[in-house]
Amino acid sequence: MINKFVPDMETALAGLTDNATILMGGFGSVGQPVQLVDHIAEMGLKNLTLIANNAGAAFGGMTKLLQTGAIGKVVCSYPRSSNSTVFLDLYREGKVQLELVPQGTLAERIRAASAGIPAFFTPTAAGTMLGVGKETREINGRLCVLEEAIHADFAVLEAWEADRWGNLTYRLSGQNFNPIMAGAAKVTVVQTQHVRELGEIDPDAVKTPGIYVDRVIHVPYGDPAL
Amino acid sequence: MSETQPKTLTREQMAARLAQDIPDGWFVNLGIGAPTLVSNYVSDDKEVIFHSENGLLGVGPAPDAEHVEPWLINAGKQYVTLLPGASTFNSAESFGIIRGGHLDLAVLGGYEVAENGDLANWSTGANDSNPAVGGAMDLGAGAKQVWVVMDHTTKQGVSKLVEKCTYPLTALGSVTRVYTNIAVIDVTKDGFVLREAAPGWTFEEVQERTAARLLRG
């Protein structure tokens, strides 16, 4: 019998070690796996690479994760934050590396990893500072850069509903990077607001088929703060 | 600047002027800052559908305090509403919509626009100590039309319309029109063309504040 639900955070994040690369879902505070990140911050890990849209924003354990020196590198489109300077301070002191990636390229590089595409050409960033050092080719009259898929060791995500096969739904703008990160990591861990029995989720409503998901933990924490 | 200089438009007036030119039925993405104001000025007789990078089409106005939905924010991380007919999707699909040329228009802010349509709006250069790019490069490269709303000059009076951008580029040759606080200017294959000067402004006065050749429309 398949049952992807795990009883506690230790089991959910078992196998996460120093130097790991972690994909983290969420846009702003919505769809962030807050409690999974809180727990990672408690694990005392070193030299993690964090890949997320807003890796500099303050929420839950993110600030602590940065402050304790667990993060060596951030791959991100928008590290700027109105509610925190923790990332910025560390970046300016040279304590955290930053790879800035245009948001659509970030999303597609992650989706590509999940879909088995090693690399692709895109016009975004061609001829700009963020295209420097990348293979550039003119395709159908447009300058394009080669972008490689982003694979990770762990993906930590938040869903609205999950069943024991790992089928997931999302709520409104809580979808964002979560569905594309599922399947781009060796281990995909999901915290979910609601638990459903098999068959309770309409197959047409499933946004992430369970095949991508390894572990699910029930964290009904309620509404995200802005 | 002489004491008799005509009035410059406010951010709200620039947004309102731009909103007049959006045709009925267009799909539009509004950047953070002044571009966001545009949605307040689209007249009720037009159906304009707003896209948000974080995965929304059919974004409506901000909710009042009693009707906030905590799971519904826009790319500027503000609470929004969805109109009847709206849809939600993931970030890869959202940027497929952008990069795939499906959006009719992106309205963006700008540090500089060059006469060939190059846009600089994401970084102040190598010493930028607070770097962030978000979706600006994808929008610049992908939307069918890119309209920039920005002041015509910096606070120091330096033109933001230039022959060649000095700040790092966001996208190459993508800007089609600029709405400034003194003019509406088209970016054509021949360069900047004055389409409209703000009330009280002459062609010569706009040209004087533009660091590139301006053509009469």
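Provided above is the structure to which this section pertains.
Bear in mind that the values here come from a model prediction, so they are computed numbers and not experimental data.

A.B. asks: So what exactly am I meant to see when it comes to the overall build of chain A here?
C.D. replies: The number of helices and strands found in chain A is 6 helices and 11 strands. Over its C-alpha atoms chain A spans a radius of gyration of 18 Å, differing by no more than 12% from the 17 Å that the globule rule assigns to 226 residues. Summarising its shape, the C-alpha atoms of chain A cover approximately 50 × 40 × 30 Å along the three principal directions. By the burial criterion, 53% of the 226 residues in chain A qualify as buried. Intrachain contacts of chain A at a sequence separation of at least 6 include 74% that bridge at least 24 residues.

A.B. asks: How do you make sense of helix α2 (residues 34-42) of chain A when you look at a structure like this?
C.D. replies: Counting along an α-helix, one turn takes 3.6 residues, and residues three or four places apart therefore face a common direction. For α2 of chain A, the complete set of buried residues consists of V34, L36, V37, H39, I40 and A41 of chain A. Looking one or two places after α2 of chain A, you find G44 of chain A, whose phi comes out positive at around 70°.

A.B. asks: Any chance you could explain the packing of helix α5 (residues 103-115) of chain A against helix α2 (residues 91-99) of chain B here in plain terms?
C.D. replies: A pair of packed helices can be characterised by two numbers: the angle between their axes and the separation between those axes. Viewed as axis vectors pointing N to C, α5 of chain A and α2 of chain B meet at an angle of 125°, and their least axial separation amounts to 9 Å. In terms of their interaxial angle, α5 of chain A and α2 of chain B are classed as oblique. Remark: the crossing between α5 of chain A and α2 of chain B carries left-handed chirality. Residues Q103, G104, A107, E108 and R111 of chain A of α5 of chain A touch α2 of chain B, and the partners they reach there are S91, A92, F95, I98 and R99 of chain B. Grouping the constituent residues of the contact of α5 of chain A with α2 of chain B by class yields 4 nonpolar, 3 polar and 3 charged.

A.B. asks: Even after reading the chapter, I still don't get the sheet that holds strand β10 (residues 175-179) of chain B, so can you show me in this structure?
C.D. replies: Two modes of strand pairing occur in sheets, parallel and antiparallel, and in both the strands are linked by backbone hydrogen bonds. Residues and elements named next belong to chain B. Pairing in this open sheet of 10 strands is mixed, and the strands run β4-β3-β2-β1-β5-β8-β10-β11-β12-β13 from one edge to the other. Each edge of the open sheet is held by one strand with a lone partner, namely β4 (81-88) and β13 (214-216). Taken pair by pair, the neighbouring strands of this sheet meet at an average axis angle of 30°, ignoring direction. With respect to the sheet, helix α1 (residues 11-20) is in contact with β5 (105-108), β8 (145-149), β10 and β11 (183-188), its orientation differing from that of β8 by roughly 155°.

A.B. asks: Is there a simple way to explain the sheet that holds strand β7 (residues 142-148) of chain A in this structure?
C.D. replies: All names here are of chain A. The strand order β5-β7-β6 describes an open sheet built from 3 strands, whose pairing is antiparallel. Each of the sheet's edge strands pairs with one partner strand only, and the pair in question is β5 (119-122) and β6 (136-139). This sheet shows a mean twist of 35° between the axes of neighbouring strands, independent of strand direction. As paired elements, β5 and β7 share 4 bridges and run antiparallel to each other. Note that in β7 the partner of F120 across the bridge is E147.

A.B. asks: How should I be thinking about the interface of chain B and chain A in this particular structure?
C.D. replies: By a frequent convention, interface size equals the accessible area lost on bringing the separate parts together. Taken together, the contacts link 33 residues of chain B with 38 residues of chain A. Breaking the side of chain B that touches chain A down by element, the ones donating at least two residues are α2 and α3 (136-142) of chain B. Element by element, the count of residues in the side of chain B that touches chain A is highest for α2 of chain B, at 5 residues. For the side of chain B that touches chain A, the per-class residue count stands at 17 nonpolar, 11 polar and 5 charged.

A.B. asks: Before we go on, may I ask you to explain unusual backbone geometry in this structure?
C.D. replies: Excluding glycine, most residues fall at negative phi; most peptide bonds, likewise, are trans. Residues and elements named next belong to chain A. Phi at N19 takes a positive value of approximately 70°, unusual for a residue other than glycine. Note that N19 resides in the loop between α1 (9-12) and β1 (21-24). Among the residues examined, N19 registers 11 C-beta atoms within 10 Å and is labelled exposed. Its identity as a non-glycine residue notwithstanding, N47 has a phi of 60°, on the positive side. Looking at the secondary structure, you find N47 in the loop between α2 and β2 (48-51). By C-beta crowding, N47 is classed as partly exposed, having 13 other C-beta atoms within 10 Å.

A.B. asks: Would you take a moment to explain the pairing of β2 of chain A for this structure?
C.D. replies: Every regular strand shows the same layout, with side chains that alternate between the two sheet faces. Residue and element names in this part refer to chain A. Here 3 bridges tie β1 to β2, and the two strands are oriented parallel to one another. The partner of I22 across the bridge, within β2, is L50. As paired strands, β2 and strand β3 (residues 71-76) are joined by 4 bridges and run parallel to one another. Residue pairing in the sheet places T49 in a bridge with K73 of β3.

A.B. asks: How should α2 of chain B be read in this particular structure?
C.D. replies: Counted residue by residue, α2 of chain B has 7 buried out of 9 residues, so it is predominantly covered. Turning to α2 of chain B, its buried residues are S91, A92, S94, F95, I97, I98 and R99 of chain B. Buried-residue contacts for α2 of chain B involve α5, β5 and α6 (178-181) of chain A together with β1 (27-30), β2 (49-52) and α3 of chain B.

Conventions adopted
- Residues numbered from 1 in each chain as written.
- Chains lettered and ligands numbered in written order.
- Predicted model: local features only at pLDDT ≥ 70, side-chain atom pairs only at ≥ 80, totals over all residues.
- Helix = DSSP H or I, 4+ residues; strand = E, 2+ residues; numbered from the N terminus.
- Rg over C-alpha atoms; globule rule 2.2 N^0.38 Å.
- Buried ≥ 20, exposed ≤ 12 C-beta atoms within 10 Å, placed from the backbone.
- Contact = placed C-beta atoms within 7 Å.
- Axes fitted to C-alpha atoms, helices over the stretch in contact; angles between N-to-C directions.
- Parallel < 35°, antiparallel > 145°, perpendicular 65-115°, else oblique.
- Left-handed = near helix turned anticlockwise from the far one by under 90°.
- Nonpolar A, V, L, I, M, F, W, Y, C, P; charged D, E, K, R; others polar.
- Pairing = 2+ DSSP bridges.

That is the geometry; function is a separate question.
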